[in-house]
Amino acid sequence: MTDTLEFNEIYQEVKGSWNDGRLRFSKQTVVYKNSKTGKVDSISVPELAHAQWRRVCLGHGIKLSTSAGHVYKYDGFKDTVKPAEYNDFEKISEYFKANYKVELIEKDMCVKGWNWGTAKFNDHHVMKHQIPLSSVSQCATGKNEVTLEFHQNDDTEVSLMEVRFYVPPTTGDDGADSVEAFAQNVLSKADVIQATGDAVCIFRELQCLTPRGRYDIRIYPTFLHLHGKTFDYKIPYTTVLRLFLLPHKDQRQMFFVISLDPPIKQGQTRYHFLILLFSKEEDINLTLNMSEEEVERRFEGKLSKNMSGSLYEMVSRVMKALVNRKITVPGNFQGHSGAQCITCSYKASSGLLYPLERGFIYVHKPPVHLRFEEISCVNFARGTTTTRSFDFEIETKQGNQYTFSSIEREEYGKLFDFVNAKKLSIKNRGFKEGMKTNEDMYSDSDDDQHDAYLERMKQEGKIREEANDSDDSEADESFNPGEEDDDIAEEYDSKASASGSSGDADSDDDRKKKPVKKAKVVKERKPRKKEKKMKDSNAPKRPMSAYMLWLNSNREHIKSENPGISVTEISKKAGEMWKQLNKDKKEEWDEKAEEAKREYERAMKQYRESGGGSSFSSKRYCTTYYGFALHCCCLYSSTDYSSPLLRTTPNLLPLVWCWLQALANDQL
């Protein structure tokens, strides 16, 4: 028998909803990890008292009870009628007997609908109906009636609102009213927040970002009370999932983040995070409203009656002791500026992204916390508006995508190294519209993934180089955050090289005497218009790539199988079909493309040997000369003899006139 038993896709009941996760039985503990929140529930084996196997809504489930009265329910096990090797009941039963000395008892659920009986209470349940008192939010009494109201769970479509008990009008042995006795039994053990007694300590006028405002925070032994001018919130410590202490990028402020599950509510708004902002320079002297003996007994040295220090340190220290959870701080990551966070935007709001040792957290609007174990892949992509920034995309295993945009490109190297060190899958899932990226920097994790547009551009680029017909074209700037934007000096740059024109009247000595002008700051240069390249219509047509040959051959077949399909959908469908094409078929089309390329090269060679292309070039130059001659004639007709051109070349006009006549007669 193995030392551990592990089960995936096991569901835990939490306030009426079933949350999936993983369950593991070991010789020391029973551990369940929630896939949604990452919360871990651990049951020590010596505390395990009873175990039941039951038929429930999702098949079969197990109910574990501890000696302290806590109950844990797990669903999703396989049916008992299957063969022994697939029988979860047999495996768990044998494991419990061998390691826990606890017998797994099969118990049938009662479906008769009995609604009368004797109510018995233990520390956590009304025994008759097995109602967990931790789910009770309020208890109200009537004449002969007790009403239990329950905490609501936003994840459930249908939830139980209340249960009413009819209590016969009798008195107990001590003369107490049975209705009041029932209600007091419920309230003494239920999760009902009652602000009775004095607070342990109070923090005045703390700045809260979510929910926004300034609140007095009253610290009670079992819950946190936020008291504002408009709203009040009571947060039980059992709903606190994680604590974060994060330094601001300006190094003068600190964020203290409290993750909540379930969240606090205000109308239809849900706050999954409570974010407090502190100044590092703000100090406080704190005195707990408890005796020194009580502080020592309750907190075991974690707190003392009188404390002093920075305000954020005192708040985080008190919360850590009361909630009994570790505080997460940034790890070894340092950005380009030396900060432990990255400035970015999420959903059109600017904030800070903190790479942690086990996840990412974005502060603050809206706050986002992503654990590494729920991340499927990440993607680096160039921003759509400028080359000075890039986007960082995170895709979760549930299919959700989070895009953090406008990250300075200087942060790329640090962030890439961090992601690579954490062994996260880096996947370039395609290019944004109007963007080309550097292949070496953004390699796709899927080598077989086909991009039809990119393939065609590569093929045409190779053909242009071989045909030596692309001298005037400009290459797209590749996205490399480690390099400068442009190697060409600006117009007003002090490093710009001097003109080499013979008409420059300033000498080197004169330039030395003149003070060097300071470079003007040019915010953004408009892209220069490229001179439209004239196309030779008589030249042979360039060959198509293997993919384009295949697409032209199968285009009608795709249309016939998908009636009404649009042009863009044809390209998308063709890309998927080409990707699934086997290697032999692709090699066949590659051979056809090579043959077409060789045929093009032969035709191009013959075309040039026969004088093709020369007349095309001469026409272009004649057009230039014609414009020059026309300019000279305009000078002559205006009789502007002070023009430097006419003054230096007085005999040029008759020659220009002859050129114009020859062009008019198509003799050039």
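About the criteria used
Residues numbered from 1 in each chain as written. Predicted model: local features only at pLDDT ≥ 70, side-chain atom pairs only at ≥ 80, totals over all residues. Heavy atoms only, no water. 1 Å grid on protein atoms, 1.4 Å probe; cavity = no way out; pocket = protein on both sides within 12 Å on 5 of 7 lines; lining within 4 Å. Points joined across faces, edges and corners; volume = space filled by probe spheres on them. Helix = DSSP H or I, 4+ residues; strand = E, 2+ residues; numbered from the N terminus. Nonpolar A, V, L, I, M, F, W, Y, C, P; charged D, E, K, R; others polar. Patch = residues over 30% accessible without salt bridge, like charges linked within 9 Å, V, L, I, M, F, W, Y side chains within 5 Å. Areas by Shrake-Rupley, 256 points an atom, 1.4 Å probe, with all protein chains shown as cover. Salt bridge = Lys/Arg side-chain N within 4 Å of Asp/Glu carboxyl O. Lys, Arg positive; Asp, Glu negative; His and termini not counted. Charge placed at Lys NZ, Arg CZ, Asp CG, Glu CD. Core = buried A, V, L, I, M, F, W, Y, C linked by side-chain atoms within 4.5 Å. Buried < 20%, exposed > 50% of the residue type's maximum accessible area, 1.4 Å probe, protein only. Contact = heavy atoms within 4.5 Å. Pairing = 2+ DSSP bridges. Axes fitted to C-alpha atoms, helices over the stretch in contact; angles between N-to-C directions.

Per an unreviewed UniProt entry, the chain is named FACT complex subunit SSRP1, and its organism is Electrophorus electricus.

Caption draft 1: Local environment of empty space enclosed by the protein. This model, assessed by the stated rule, comprises one cavity of 30 Å³ or more. Roughly 40 Å³ of internal volume is contained in the largest cavity. As for the largest cavity, its lining consists of Phe203, Leu206, Ile217, Ile219, Leu224, Phe256, Ile258, Leu276, Val315 and Met319. Elements with a minimum of two residues in the lining of the largest cavity: β14 (201-210), β15 (213-219), β19 (253-266) and α4 (311-323). Of the residues that constitute the lining of the largest cavity, the class distribution is 10 nonpolar, no polar and no charged.

Caption draft 2: Molecular detail of a negative patch on the surface. Negative charge collects at one region of the surface, where Asp584, Glu587, Glu588, Asp590, Glu591, Glu594 and Glu601 lie side by side. As for its position among the elements, Asp584 is in helix α10 (residues 583-609).

Caption draft 3: A look at the nonpolar core. In terms of nonpolar packing, the biggest core is built from 40 residues, with Phe203, Ile219, Leu224 and Met319 touching the most fellow members. No other element matches the nine residues that α4 contributes to this core. With near-sequence residues (within four places) excluded, Ile219 lies in contact with Ala199, Val200, Cys201, Phe203, Leu224, Tyr237, Val318, Met319 and Leu322. Grouped together as the second largest cluster of nonpolar side chains are 24 residues, Leu353, Phe372, Leu415 and Phe418 included.

Caption draft 4: Spotlight on the pattern of salt bridges. Scanning the entire structure with this criterion turns up 11 salt bridges. Ionic pairing is found between Lys27 and Asp3, a salt bridge with its closest N-O pair at 3.4 Å. Placement of the pair is Lys27 in the loop between β2 (17-25) and β3 (29-34) and Asp3 in the segment before β1 (5-14), with a sequence separation of 24 residues. The exposure class of Lys27 is partly exposed, given its relative accessible area of 41%. Across the salt bridge formed by Arg602 and Glu599, the nearest N and O atoms sit 2.5 Å from each other.

Caption draft 5: Spotlight on the sheet that holds strand β12 (residues 145-150). If you walk across this open sheet you meet the three strands as β11-β12-β13, and the pairing is antiparallel. The sheet is open, and its two borders are formed by β11 (136-141) and β13 (162-166), each paired with just one other strand. Going across the sheet, the axis of each strand differs from the next one's by a mean of 20 degrees, ignoring polarity. The pairing of β11 with β12 spans five bridges and is classified as antiparallel. Paired with Val136 across the bridge in β12 is Phe150.

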